Amino acid sequence: MKIAFYSTKPYDKIYFEPMSKDYDIDIHFFEVPCCEETILLTKGYDALCIFVNDYLNEKMVHQLAEFGVKVILLRCAGFNNVDIKAAAQCEIPVLRVPSYSPEAVAEFAMALLLTVNRYTHRAYTRTRDFNMNINGFMGTDLHGKTAGVIGTGRIGQAMINILKGFGMKIVAYDPYPNNRLDVEYVSIETAFQKSDVITLHCPLTPETKHIVQAKTIELMKEDVYLINTSRGDLIRTEDLIEGLLNKKFAGVALDVYDEEGGVFYEDRSNDIIYDQNLARLATFPNVLITSHMGFFTKEAVRAIAEVTLANADAVQKGLPLENIVLPPNDAD
Ligand code: NAD
């Protein structure tokens, strides 16, 4: 099998290159992202492998069918960036990595909370400059406070365990509550109203798009902390900025951003940033932005390569496709 691998970064090759030899799979690593302008590169390949900020719309999926592409491999869990319906119509299976290390993302979400609460990122730069003043760095105890976990799937559960370890009370919202979890499920409104910390762990779907917006921000406590390691579009950025200007938030940490494509994972330090919202967000002293790196541990990156290649191998050997993404009606 020949795979066109988009958006390659040096760290992708660490595990994919040696492991692909074990499967007798030939990978061509392209640095460009997968988009309408680059989809032609897939011609002549059996498969393409894409990441979170690549996309495949209906037109592109039909082009893949014309090229004879046999499978779309997502080296991530989320699949909101692919037209799944079009892929099903064209009979091209979409295979993903449903779970690689939920702990990696949950641990990172906690790192963001601790950082934005206790200003360790800013303390680091101050002390390196021998400015030992701690003015402006007062945080809050997490112990005894309430955390609202939105989405109690794999990452949400790992996050609940961590938050409990910090002595926090948990309220949770999920349309499919997990009765085996020792948490209090409440409505999403109550979760927003009761929580001192809100952490988002649900996928991006038409229902979850902009679950954080002016109306729901209004429900939140004053001085709430908001952590988003899921997908940027869960938050309506304009409303978040308005909330920040109104001093609603003690801290906001974003590992994802609605317009992250083309910016996140790239070095734009010498460029003019035309995205006014991103530029505005970066100016708030209580906002921490990271570049969609919650997944980025050795264990997770290795597991992503293992599962993606096993997915490809199942197609080349005609084995059952365990990690197939079905269009909404079929998945219900
Ligand atoms: P999961 O499928 O195990 O869990 C998602 C949970 O969200 C499920 O329990 C589901 O019932 C729930 N849910 C569905 N609709 C909801 C709604 N309207 N409101 C609240 N909850 C809802 O997924 P996961 O592995 O826990 O991953 C969660 C998300 O994290 C992914 O969809 C992805 O967007 C994101 N993610 C980010 C990174 C990163 O590097 N930052 C890495 C992996 C995953």
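These numbers were taken from a predicted model, which means no experiment stands behind them.

Draft legend 1. Region of interest: the site of the ligand. Close to the ligand lie 23 residues, the nearest being Tyr100, Arg154, Ile155, Asp174 and Thr229. In this structure, Thr229 approaches the ligand through a main-chain N or O atom, which is 2.9 Å from a nitrogen atom. Contact between the ligand and Ser230: an oxygen atom at 3.3 Å from a main-chain N or O atom of the residue. For the ligand, the protein covers 86% of the area, taking 870 Å² as the surface of the free molecule. Considered class by class, the residues forming the shell around the ligand number ten nonpolar, nine polar and four charged.

Draft legend 2. Molecular detail of the pattern of salt bridges. A full pass over the atoms with the stated rule returns eleven salt bridges. One salt bridge connects Lys59 with Glu36, and the closest N-O pair in it is separated by 3.3 Å. Placement of Lys59 in helix H2 (residues 58–67) and of Glu36 in the loop between strand E2 (26–29) and strand E3 (47–50) is noted, with a sequence separation of 23 residues between them. Overall, Lys59 belongs to the exposed group, its relative accessible area being 52%. Residue classification places Glu36 among the partly exposed residues on the basis of a relative accessible area of 34%. Close ionic contact of Asp271 with Arg268 constitutes a salt bridge, the shortest N to O distance being 3.5 Å. Exposure remark for Asp271: the relative accessible area of 38% places this residue in the partly exposed category. According to the relative accessible area criterion, Arg268 is partly exposed, its value standing at 34%.

Draft legend 3. Expanded view of the environment of Asp239. Residue position: Asp239 is located in helix H9 (residues 237–245). In this structure Asp239 comes out as buried when scored by relative accessible area, which is 14%. Ignoring any residue separated from it by four or fewer positions in sequence, one finds Asp239 in contact with Gln213, Ala214 and Ile217. Reaching out from Asp239, the side chain makes a polar contact with the backbone nitrogen of Ala214 at a distance of 2.7 Å. Looking at Asp239, its side chain comes within polar contact range of the side chain of Arg236, at 2.6 Å.

Draft legend 4. Local environment of the layout of surface pockets. Its volume calculated, the second largest pocket comes out at about 290 Å³. Each residue belonging to the lining of the second largest pocket can be placed in one class, and the counts come to nine nonpolar, three polar and seven charged.

Draft legend 5. Inspection of the environment of Val32 at higher detail. By the secondary structure assignment, Val32 is in the loop between E2 and E3. Along the sequence, Val32 and Tyr173 sit 141 residues apart, while their C-alpha atoms lie 38 Å from each other. Setting aside anything within four residues of it in sequence, one finds Val32 in contact with Tyr6, Ser7, Thr38 and Leu41.

Draft legend 6. Structural detail: the packing of H9 against helix H10 (residues 276–283). Running from N to C, H9 and H10 point in directions that differ by 30°, and their axes come no closer than 11 Å. Relative to H10, the element H9 is oriented roughly parallel. In the packing of H9 onto H10, the handedness of the crossing is left-handed. Together, Thr237, Glu238, Leu240, Ile241, Leu244 and Leu245 of H9 and Asn277, Arg280 and Leu281 of H10 make up the contact between the two elements.

Draft legend 7. Seen up close, the pairing of E2. With burial as the criterion, only one face of E2 is covered, namely that bearing Ile27 and Phe29; the residues Asp26 and His28 on the opposite face remain uncovered. After leaving strand E1 (residues 2–5), the chain enters helix H1 (residues 10–22) and then returns to the sheet as E2, a path that is right-handed.

Draft legend 8. Local environment of the nonpolar core. Counting residues in hydrophobic clusters, the biggest one holds 49 residues, and the most contacted among them are Ile3, Leu48, Leu56, Leu64 and Ile72. The contacts of Ile72, once residues within four sequence positions are left out, are Leu48, Leu56, Leu64, Ala87, Ile92, Pro93, Val94 and Leu95.

Draft legend 9. Spatial organisation of the pairing of strand E11 (residues 249–254). Burial analysis of E11 places six of its six residues in the buried class, which makes it a mostly covered element. For strand E10 (residues 224–228) and E11, the ladder comprises five bridges, and the chain directions are parallel. From the neighbouring strand, Leu226 faces E11, where its bridge partner is Val252. The β-α-β motif built from E10, the intervening H9 and the parallel element E11 has right-handed crossover chirality. Sheet topology note: the E11/strand E12 (residues 287–289) ladder contains three bridges and is parallel.

About the thresholds
Residues numbered from 1 in each chain as written. Predicted model: local features only at pLDDT ≥ 70, side-chain atom pairs only at ≥ 80, totals over all residues. Heavy atoms only, no water. Near = heavy atom within 4 Å. Polar contact = N/O pair within 3.5 Å; in protein donor to acceptor, adjacent residues only side chain to side chain. Areas by Shrake-Rupley, 256 points an atom, 1.4 Å probe, with all protein chains shown as cover. Nonpolar A, V, L, I, M, F, W, Y, C, P; charged D, E, K, R; others polar. Salt bridge = Lys/Arg side-chain N within 4 Å of Asp/Glu carboxyl O. Helix = DSSP H or I, 4+ residues; strand = E, 2+ residues; numbered from the N terminus. Buried < 20%, exposed > 50% of the residue type's maximum accessible area, 1.4 Å probe, protein only. Contact = heavy atoms within 4.5 Å. 1 Å grid on protein atoms, 1.4 Å probe; cavity = no way out; pocket = protein on both sides within 12 Å on 5 of 7 lines; lining within 4 Å. Points joined across faces, edges and corners; volume = space filled by probe spheres on them. Axes fitted to C-alpha atoms, helices over the stretch in contact; angles between N-to-C directions. Parallel < 35°, antiparallel > 145°, perpendicular 65-115°, else oblique. Left-handed = near helix turned anticlockwise from the far one by under 90°. Right-handed = clockwise from strand over helix to strand, strands pointing away. Core = buried A, V, L, I, M, F, W, Y, C linked by side-chain atoms within 4.5 Å. Pairing = 2+ DSSP bridges.

Taken by themselves, the reported measurements are silent on function.
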